[in-house]
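# Report on the structure
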Amino acid sequence: MSVLEMRDVVMEYRLREGLRTTRLRAVDKVSFELPPGRTIALVGQSGSGKSTIAKLLMQLERPTSGSILVDGEPMQYRGARAAAYRKAVQMVFQDPFGSLNPYHTIGHHLARPVKLHHPDFSREQVADRVAELLRRVRLDEDYVGRKPHELSGGQRQRVAIARALAPEPAILVADEPVSMLDVSIRLGVLNLLAALQREENLGVLYITHDLATARHFSDEIMVLYHGAVVEHGPADDVILNPQHEYTQLLAEAAPAPERRLAELGH
Amino acid sequence: MTLKLGVGLGIAGVIVLFGVIGPLVVGNPSTVRDMGLTGPGNGFLLGTTQTGQDVFAQLAYATRGSLIIGVVVGALTLLLSSFFGIVGAFVGGWADEAFSLFTNIMLVIPGLPLVILISSYVPNKSIWLVAAVLAITSWAGSARVLRGFTLSVRSRDYVLAAKISGEKRWRILFVEILPNLIPLLASQVVFAVIFAILGEAGLSFLGLGASGSFTWGTMLFYAQNGLALRLGAWWWFAPPGLAIALFGAALSLINFSIDEIINPKLRSQTRAERNKWSVKA
Ligand SMILES: Nc1ncnc2c1ncn2[C@@H]1O[C@H](COP(=O)(O)OP(=O)(O)OP(=O)(O)O)[C@@H](O)[C@H]1O
Ligand SMILES: [Mg+2]
């Protein structure tokens, strides 16, 4: 798999209020293309539909209309091609406290996707691969036996990243991966993601509120407003020369990205 | 292990042991003798009934009977409420709608009148039938609690993550969701057991219980019929009454401890501690 593309995707939620049903258009004719090795930042205010786009890409929701194309062919929801797709596209969730099962060890969280990806692996091979994944996210190997509640937020998010890398994906969707973390460790996690992205030539959809990190870590920025993409272009262009009112507002609110980054690095 | 859990398990354990081993060592509880209403001692540990039956032997058999009711109802409640609560919420869609409609109907059917109705239609009830009737009228509440919790667990990110990594549905249910429900399930079952034993005692006391078998409730019923209270034969009605109270208290203690395990906030938050904290802050 190489290219993921959304074409005129619309997602409407049906809301029931008593007997009446109303429709809420969470995603409104969104089109973009995510090639390997490229990072696209998806920026927008709360409720603008960012997570819904992530869910559509993860097959947790189906679009109301429009199409999602994988290498130019419509996405399959069943069968062998769907299984291949699920391995190729992985996700890092926003909340590191909710994305790990409190009942299971770190080892379980990493071993399951490894086993699903390599059903033929022996127990030792799975353990080796789990240890390697932990090393890749700069965690000590003896974290395998620990439970999530024994880890800090940053460590949990590293585990979540390792889990996403386990099936050797081509594309990573990161839904506000650092917004729940302490400011002091955000940059560390983002740098780790950027390093992994380069090493594996991943295509990354980086969902965020933060224009400063969006500019620093992404090639393109896509601005979402009420479900529709109102601005899409190279990162510097969008920040320095915003066209849409809403982007201008955002850019003003974060006037000096360099300073924000310096703050984060503190 | 907390003190509460220890005391609860201790009392419940003694009673269960007595119910299991007791009937094997005591004599026939129904043997009628020519020595009615003798007090404790005189060769009978807990005295005799009006017709000279050994109260201690009856208590042993009654303990076994009440425990059987508790276990059967606990198991049936676990099965029914898990099926209609957890599976419905997990599958979602029309299955959930249908299951929760059925649960709600069972919930609003008043239990006691239904039990009385069934009891009056079936003259010779075994202890198993009574247990089944109690279970059928009591699982719905648990099912609702379980459904609510399953719905919340089902939409947690770790379940979505398992789905994304391509886990099979049954594996998501049994490996990712169910373990997180175990404390809740345990507390529901313990509650069902308390309900069943008390419910059976109530039914038997009203004369609607199992016929021809001993339970704590039937013992109280016969004691009441034999005017034990008025004749001052405390050794006849006190043991089964005390057994019910002790076992109920023990299970409640266990239940509280499980609640504290589920919700650690309950454990250390006494009012005094909260106040101390707010003074400091
Ligand atoms: N399952 C759902 N049912 C109904 N409406 C939903 C559902 N999920 C999301 N929505 C609605 O869709 C809209 C977009 O939600 P979404 O979660 O994609 O926003 P977001 O951009 O990710 O916001 P945030 O930055 O706060 O995470 C919101 O108005 C939300 O209320
Ligand atoms: Mg979101």
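Here the structure is a predicted model, which is why all the values come from computation and not from measurement. (Residues numbered from 1 in each chain as written. Chains lettered and ligands numbered in written order. Predicted model: local features only at pLDDT ≥ 70, side-chain atom pairs only at ≥ 80, totals over all residues. Heavy atoms only, no water.)

## Observations concerning the overall build of chain A
Put simply, the rule reads: A run of H or I in DSSP counts as a helix once it spans at least four residues, and a run of E counts as a strand once it spans at least two, with each numbered from the N terminus. What the globule rule says is 2.2 Å times the number of residues to the power 0.38, and the radius of gyration is computed from C-alpha atoms. Whether two residues touch is decided by their heavy atoms; if any such pair falls within 4.5 Å, the residues are in contact. Using a 1.4 Å probe, accessible areas were evaluated by the Shrake-Rupley method; residue-level cover was limited to the displayed protein chains. Charged residues are defined here as Lys and Arg on the positive side and Asp and Glu on the negative side; His and the ends of the chain fall outside this count. Where a charge lies is defined by one atom per residue type, namely NZ (Lys), CZ (Arg), CG (Asp) and CD (Glu).
Of the regular secondary structure elements, chain A holds 10 helices and 10 strands. Radius of gyration (C-alpha) of chain A: 19 Å, near the 18 Å computed for a compact globule of 266 residues. Taken along the three principal axes of its C-alpha coordinates, chain A extends 55 × 45 × 40 Å. Within chain A, residue pairs in contact and separated by at least 24 positions form 69% of the contacts whose partners lie at least 6 positions apart. Approximately 12300 Å² of chain A is accessible, and the part contributed by carbon and sulfur atoms is 48%. Computed over 32 positive and 34 negative side-chain charges, the inter-centroid distance for chain A is 7 Å.

## Let's talk about the UniProt feature "domain: ABC transporter" (unreviewed entry) in chain A
Convention followed: UniProt positions are given in the numbering used here, feature names are shortened, and annotations may be inferred rather than shown by experiment.
When the UniProt feature table is mapped onto this chain numbering, "domain: ABC transporter" (unreviewed entry) sits at residues 4-251 of chain A. With 38% helix and 29% strand, residues 4-251 of chain A has end C-alpha atoms that lie 28 Å from one another.

## Structural notes on the nonpolar core
Nonpolar side chains in soluble globular proteins tend to be buried together. The line we're drawing: Here, nonpolar core means buried Ala, Val, Leu, Ile, Met, Phe, Trp, Tyr and Cys residues that are tied together by side-chain atoms lying within 4.5 Å of each other. A simple rule labels every residue: compare its accessible area, found with a 1.4 Å probe on the protein chains alone, to the largest value its type can have, and call it buried under 20%, exposed over 50%, or partly exposed in between.
By size, the foremost hydrophobic cluster in this structure holds 48 residues, and its most contacted members are Ile161(A) and Ile221(A). In terms of residue count, helix 6 (residues 183-200) of chain A provides more of this core than any other element does, seven residues in total. Non-local contacts of Ile161(A), meaning those with residues more than four positions away in its chain, are made with Val92(A), Val137(A), Val189(A), Leu192(A), Leu193(A) and Leu196(A). In this structure, Leu42(A), Ile207(A), Leu224(A) and Ile164(B) belong to the second largest nonpolar core, which totals 32 residues.

## Considering unusual backbone geometry
Residues and elements named next belong to chain A. At Asp8, a position not held by glycine, the phi torsion is positive, near 50 degrees. You can see Asp8 is positioned in strand 1 (residues 4-17). Using a relative accessible area of 41% as the deciding quantity, one classes Asp8 as partly exposed. Unusually for a residue other than glycine, Glu168 sits at a positive phi of about 50 degrees.

## A few points about the environment of Val72(B)
All names here are of chain B. Tracing the chain through its elements places Val72 in helix 2 (residues 55-91). Of the residues examined, Val72 reaches a relative accessible area of 18% and is grouped as buried. Considering only alpha carbons, one finds Val72 and Ala135, 63 residues apart in sequence, at a separation of 8.1 Å.

## Some remarks on the pattern of salt bridges
Residues and elements named next belong to chain A. We count it as follows: The salt bridge definition used is simple: a Lys or Arg side-chain nitrogen within 4 Å of an Asp or Glu carboxyl oxygen.
Within the structure shown, the criterion is met by 16 salt bridges over all chains. The closest approach of N and O atoms between Glu141 and Arg135, which form a salt bridge, is 2.5 Å. Take Arg135: its relative accessible area is 45%, and that puts it in the partly exposed class. In this structure, Arg136 and Glu200 form a salt bridge, with 2.0 Å as the shortest nitrogen-oxygen distance. Here Arg136 is found in helix 4 (residues 123-136), whereas its partner Glu200 is found in helix 6, with 64 residues between them in sequence. Members of the salt-bridge network, linked through shared partners, are Glu12, Arg23, Arg25 and Asp28.

## Section: the interface of chain A and chain B
As a reminder, the rule being used: Buried surface area refers to the total accessible area, computed with a probe of radius 1.4 Å, that the two partners give up upon joining, counted for both partners together. When residues are grouped by polarity, Ala, Val, Leu, Ile, Met, Phe, Trp, Tyr, Cys and Pro land in nonpolar, Asp, Glu, Lys and Arg in charged, and all others, Gly among them, in polar.
With 21 residues of chain A at the contact, the number on the chain B side is 15 residues. Considering only the surface of chain A that becomes buried against chain B, Phe93(A), Asn101(A) and Arg112(A) emerge as the three largest contributors, covering 28% of it. Where chain A meets chain B, there are one salt bridge. A salt bridge links Glu167(B) to Arg112(A); its shortest N-O distance comes to 2.8 Å. Elements that contribute at least two residues to the side of chain A that touches chain B include exactly strand 6 (89-92) and helix 3 (106-117) of chain A. Examining the composition of the side of chain A that touches chain B, we find that four residues originate from one element, helix 3 of chain A, more than from any other. Per-class residue counts for the side of chain A that touches chain B are 10 nonpolar, six polar and five charged.

## Overview of the UniProt feature "transmembrane region" (unreviewed entry) in chain B
All names here are of chain B. The feature "transmembrane region" (unreviewed entry), as annotated in UniProt, sits at residues 7-26, 67-91, 98-121, 127-146, 173-197, 203-222 and 234-258 in this numbering. For the annotated span residues 127-146, helix accounts for 90% and strand for 0% of the residues, and the straight-line distance between the end C-alpha atoms is 28 Å. Between the C-alpha atoms that bound residues 203-222 the distance is 13 Å, and the span itself is 50% helix and 0% strand.

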